[in-house]
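Residue-level listing of the chains:
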Amino acid sequence: MTDFTAPRALPVDDRIDLERSVPDRGGFNGRLLRIELLRVLRNKRTMIFTIALPVVFYIAFGMPQPAKWDGLDFNAKAYEMISFAIYGAMAASCAIGASVSVERAQGWSRQLRLTPLTGPAYIAVKVVTAMVAAALPVILVFAIGSFTGASMPAGAWITSLVLTWVCGSVFASLGLFVGYLVPSENAMQILGPGISLLAFAGGIFYPLAAMSHTMQTVASFTPMWGLSQIARFPLLGGSFDPMWLVSAVIWIGLFGAGAVWRFSRDTSRV
Amino acid sequence: MTPRDPQGAPAIELVGLEKRFGQVHAVRGLDLTVEQGEIVAFLGPNGAGKTTTIDMMLGLSTPTSGSARVFGMEPRDAIGRGLVAAVMQTGGLLKDLTVRETVDLTASLFVQTRSVDECLERAGIADIGDRRVQKCSGGQQQRLRFAMALVSDPALVVLDEPTTGMDVTGRRDFWSAIRQDAQRGRTVLFATHYLEEADQYADRIILVRKGQIVADGTGSQIKAMATGRTVRATMTGLSDRELASIPGVDSVEMQGDSVTLHSKDSDAVARYLFANTNARDVEITARGLEDAFIALTGDDQQGARR
């Protein structure tokens, strides 16, 4: 037990000031952002699921691929690189989304309401955190890929990296939804295996091209299909299938709507 | 709405405050004005509506009717300016942060702040700044909540059962720091269900019961109400209203023929009973502070009548 007997008194003439101002940008600031990012980096489970796993998977399953798969004219290593990178980005943004529910469970959201931090500023912090967390696996897997034989035209490297990052980040909405659905620290225990399952079903861990026609059809109805196809478009070339965008918008819209629905249901007791 | 100048405004102003949760009428028309610099105890049993009232005072929930203003502003405006801080009973901490990070993060959200080191020191946790919150004891977590409340140097601090989980030293240090800051002009309102704590540290005690204020006065005034004696008798013929109007009677409880009267002048009441009623088996007992507190705030069937 900490023991102190004489707390230092502040001088009586150091009067409490009543003239105060409201912080700029609703309280959004660098110190807050730095601590939020530190929390992500310190979370071992998040780091394993979102960074270690995609890197190990790429090294184990992506690197050994031949330059090209039979009958297909794109670089197989680059295909796998994008797949595992987007998996990492999705897992990371999902974890940040789900962390909001942990904060609610611990009464932190309520505590923040007793500070000048506004709702939009809080959301902005979470969006930036999710995007940074999603960027880490993408940059890492792409870097390893570039040194181990993944090849694409220079322009495709940049566009696929950006698309992988953005398409991975929007998966934060699934994290939010599950976080509000399971308002406790169990959310990530459900999401971890759940995301892997979706990655198998959506053709991320298992290339779509290697699937049977039926399986490809099934895959096209799962949430990761559209987003990952968009991320691979710079590599695959050809024509852009509008169904990718439809799939992405519908799934992200559903997760977002689900999160808002659950949030508004128990918001009276924040 | 443009906020009034906080300079002369009351620290807290509750007018006709009411809160319903479905069938439950938690706060029933509460009027309260707390001037700047007062130390006020909000005393009442669990379920009296203390926390519900505090939530509305802090803008965490909206009143069903009536209004709550802080320094003449909407609570949210006052909080945005860092005029108000609160120490809650439980929760409100992130387990994966360190003690120092928690205070630093809180400080980053306000425009005018005191230094993080000073607040850690005054809360008595300067030596555990690098400890994770989840490794802190209940008392240390409570000190951390206090450090967070100090960092914005608020003009009003609201404390909900502030010393829960603190040991004796913790309590003493906590209250000494609170009183020091009150001398600098800080207004303090704390909720408690300990009469002793209220009496010891508050200039003014507000007794709440079933969402209403039942008494408002200094510690000694409340204690005077709380002292006095209980007169029990078996009698018939008088209604509780008639009994309450007997000179010297503060409150009445009836259970069939058995009548219990609370009074500060039990002799006069007994004399009246013998002279004017058919009272028998009259019994006079002293009542203690806690007993009286229960009588004033307790949830008995007849209710305490003043």
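Details of the structure are given in the entry above.
Keep in mind that this is a model prediction, so the values were computed, not measured.

Enquirer: Tell me about the sheet that holds strand β2 (residues 24–34) of chain B, and name the residues and values.
Expert: All names here are of chain B. One open sheet holds the 3 strands; their spatial order is β2-β1-β4, and the pairing between them is antiparallel. Looking at which strands have only one partner, the edges of the open sheet turn out to be β2 and β4 (65–70). Direction aside, neighbouring strands of the sheet carry axes that sit 20 degrees apart on average. The pairing of strand β1 (residues 12–21) with β4 spans 5 bridges and is classified as antiparallel.

Enquirer: I'd like a description of the layout of surface pockets, backed by residues and values.
Expert: Residue and element names in this part refer to chain A. Each pocket or cavity is described by its volume, and for the largest pocket that value is around 820 Å³. Lining the largest pocket are 30 residues; nearest its centre among them are Val100, Gly119, Tyr122, Ile123 and Tyr180. Contributions of two or more residues to the lining of the largest pocket are made by α3 (76–105), α4 (108–112), α5 (119–147), α6 (154–169), α7 (172–181) and α11 (242–265). A per-element tally of the lining of the largest pocket places α5 first, with 7 residues.

Enquirer: Run through the interface of chain B and chain A, naming residues and quoting values.
Expert: Taken residue by residue, the interface counts 64 residues in chain B and 44 residues in chain A. The contact between chain B and chain A buries some 5100 Å² in all, and 53% of this surface belongs to carbon and sulfur atoms. For the pair chain B and chain A, the number of links is 7 salt bridges. The partner of B:Glu101 in a salt bridge is A:Arg42, and the shortest N-O contact between them spans 2.9 Å. Taken together, the links from chain B to chain A amount to 22 residue pairs in polar contact (both at pLDDT 80 or more). Listing elements by their share of the side of chain B that touches chain A, those giving two or more residues are α2 (75–80), β5 (84–87), α3 (99–108), α4 (116–122), α5 (138–150) and α6 (168–183) of chain B. Of the residues forming the side of chain B that touches chain A, the biggest block, 7 residues, is contributed by α6(B). Residues that form the side of chain B that touches chain A fall into these classes: 23 nonpolar, 19 polar and 22 charged.

Enquirer: Break down the side chain of B:Thr230 for me, citing the residues and quoting the values.
Expert: On the secondary structure map, B:Thr230 appears in strand β10 (residues 229–234). Polar side-chain contacts of B:Thr230 include one of 3.3 Å to the side chain of B:His262.

Enquirer: Break down unusual backbone geometry for me, with residues and values.
Expert: All names here are of chain B. At Phe71, a residue that is not glycine, the phi angle is positive and equals roughly 50 degrees. A positive phi is found at Asp281, a non-glycine position, where the angle reads about 50 degrees. Along the chain, Asp281 turns up in strand β13 (residues 280–286).

Enquirer: Quick one: what's the story with empty space enclosed by the protein, residue by residue and with numbers?
Expert: Inspection of the entire model under this criterion finds 4 cavities of 30 Å³ or more. What the largest cavity holds in volume is close to 70 Å³. In terms of lining residues, the largest cavity is bounded by A:Gln111, A:Leu114, A:Thr115, B:Ala85, B:Ala86, B:Thr106, B:Phe110, B:Arg145, B:Met148, B:Ala149 and B:Ser152. Secondary-structure elements contributing two or more residues to the lining of the largest cavity are β5 and α5 of chain B. Counting residues per element, the lining of the largest cavity draws most heavily on α5(B), which supplies 3 residues. In terms of residue class, the lining of the largest cavity is built from 6 nonpolar, 4 polar and 1 charged.

Enquirer: Before we move on, can you summarise the side chain of B:Lys19 with the specific residues and values?
Expert: All names here are of chain B. Its place among the elements puts Lys19 in strand β1. Of the side chains bearing the opposite charge, Asp55 lies closest to the buried Lys19, which forms no salt bridge; the N-O distance is 8.4 Å. When sequence neighbours within four positions are dropped, the list of residues in contact with Lys19 reads Val24, His25, Ala26, Val27, Thr52, Met56, Ser61, Thr62, Pro63 and Thr64.

Enquirer: Outline the nonpolar core, supporting the account with residue identities and numerical values.
Expert: Across soluble globular proteins, nonpolar side chains have a tendency to be buried as a group. Core analysis: the largest hydrophobic core is formed by 113 residues, its most contacted members being A:Met81, A:Met152, A:Phe171 and B:Phe190. Top element by residues in this core is α3(A). It accounts for 16 residues. Core analysis: the next-biggest nonpolar cluster, separate from the first, contains 37 residues, B:Ile12, B:Ala68, B:Met73 and B:Leu189 among them.

Enquirer: Pulling in residues and values, what's your account of the pairing of strand β11 (residues 249–255) of chain B?
Expert: Residue and element names in this part refer to chain B. Examined bridge by bridge, β11 and strand β12 (residues 258–263) share 6 bridges and lie antiparallel to one another. Note on β12: the bridge partner recorded for Gln255 is Ser258. Counted between consecutive antiparallel strands, the loop separating β11 from β12 contains 2 residues, among which Gly256 sits at a positive phi close to 65 degrees.

Enquirer: Can you break down the sheet that holds strand β6 (residues 156–160) of chain B residue by residue, with the values?
Expert: Residues and elements named next belong to chain B. As summarised here, the arrangement of the 6 strands in space is β5-β6-β7-β3-β8-β9, forming an open sheet in which the pairing is mixed. The open sheet has two edge strands with one neighbour each: β5 and β9 (212–217). Taken pair by pair, the neighbouring strands of this sheet meet at an average axis angle of 15 degrees, ignoring direction. Here strand β8 (residues 204–209) pairs with β9 via 5 bridges, running antiparallel. From the neighbouring strand, Val208 faces β9, where its bridge partner is Ile213. Packing of α5 onto the sheet brings it into contact with β5 and β6, and relative to β5 it is tilted by some 180 degrees.

Enquirer: Describe in detail the packing of aromatic side chains, supporting the description with residues and values.
Expert: Residues and elements named next belong to chain A. Per the counting criterion, the structure on display carries 19 aromatic pairs over all chains. Ring geometry for Trp69 against Phe74: centres 6.1 Å apart, planes inclined by 90 degrees, an arrangement best described as edge-to-face. For Phe74, a relative accessible area of 10% corresponds to the buried category. Through pairs of rings, three or more aromatic residues link up here, namely Phe57, Phe61, Phe84, Tyr87, Phe200 and Phe205. In this structure, Arg262 packs its charged tip against the face of Trp261, placed 5.2 Å from the ring centre.

Enquirer: Can you explain the packing of α3(A) against α7(A)? Please cite residues and give values.
Expert: When two helices pack together, you describe them by how their axes are tilted relative to each other and by the distance separating the axes. All names here are of chain A. Contact geometry of α3 with α7 gives a least axis separation of 6 Å together with a crossing angle of 30 degrees. By the angle class used here, α3 and α7 are roughly parallel. As α3 packs across α7, the resulting crossing turns out to be right-handed. Of the residues in α7, those in contact with Ser93, Cys94, Gly97, Ala98, Val100, Ser101 and Arg104 of α3 are Ala172, Leu174, Gly175, Leu176, Gly179 and Tyr180. Of the residues assigned to the contact of α3 with α7, the class counts are 7 nonpolar, 5 polar and 1 charged.

Enquirer: Describe the pattern of salt bridges, listing the residues and the values that go with them.
Expert: All names here are of chain B. If you walk through the whole model with that rule in mind, you get 30 salt bridges over all chains. With a closest N to O distance of 3.8 Å, Arg171 and Glu197 form a salt bridge. Of this pair, Arg171 sits in helix α6 while Glu197 sits in helix α7 (residues 195–201); the two residues are 26 residues apart in sequence, bridging distant segments of the chain. Judged by its relative accessible area of 27%, Arg171 is partly exposed.

Enquirer: Describe in detail the packing of helix α2 (residues 44–62) of chain A against α3(A), supporting the description with residues and values.
Expert: Residues and elements named next belong to chain A. At a closest axis distance of 9 Å, the pairing of α2 and α3 adopts a crossing angle of 170 degrees. With respect to their mutual orientation, α2 and α3 come out roughly antiparallel. Along its contact with α2, which presents Thr46, Phe49, Thr50, Leu53, Pro54, Phe57, Tyr58, Phe61 and Gly62, the element α3 presents Lys77, Glu80, Met81, Phe84, Tyr87, Gly88, Ala91, Ala92 and Ala95.

Reading the values: rules and limits
- Residues numbered from 1 in each chain as written.
- Chains lettered and ligands numbered in written order.
- Predicted model: local features only at pLDDT ≥ 70, side-chain atom pairs only at ≥ 80, totals over all residues.
- Heavy atoms only, no water.
- Pairing = 2+ DSSP bridges.
- Helix = DSSP H or I, 4+ residues; strand = E, 2+ residues; numbered from the N terminus.
- Axes fitted to C-alpha atoms, helices over the stretch in contact; angles between N-to-C directions.
- 1 Å grid on protein atoms, 1.4 Å probe; cavity = no way out; pocket = protein on both sides within 12 Å on 5 of 7 lines; lining within 4 Å.
- Points joined across faces, edges and corners; volume = space filled by probe spheres on them.
- Contact = heavy atoms within 4.5 Å.
- Buried area = accessible area lost by both parts, 1.4 Å probe.
- Salt bridge = Lys/Arg side-chain N within 4 Å of Asp/Glu carboxyl O.
- Polar contact = N/O pair within 3.5 Å; in protein donor to acceptor, adjacent residues only side chain to side chain.
- Nonpolar A, V, L, I, M, F, W, Y, C, P; charged D, E, K, R; others polar.
- Buried < 20%, exposed > 50% of the residue type's maximum accessible area, 1.4 Å probe, protein only.
- Lys, Arg positive; Asp, Glu negative; His and termini not counted.
- Core = buried A, V, L, I, M, F, W, Y, C linked by side-chain atoms within 4.5 Å.
- Phe/Tyr/Trp six-rings, centres within 6.5 Å; stacked < 30°, edge-to-face > 60°.
- Lys NZ or Arg CZ within 6 Å of the ring centre and 35° of its normal.
- Parallel < 35°, antiparallel > 145°, perpendicular 65-115°, else oblique.
- Left-handed = near helix turned anticlockwise from the far one by under 90°.

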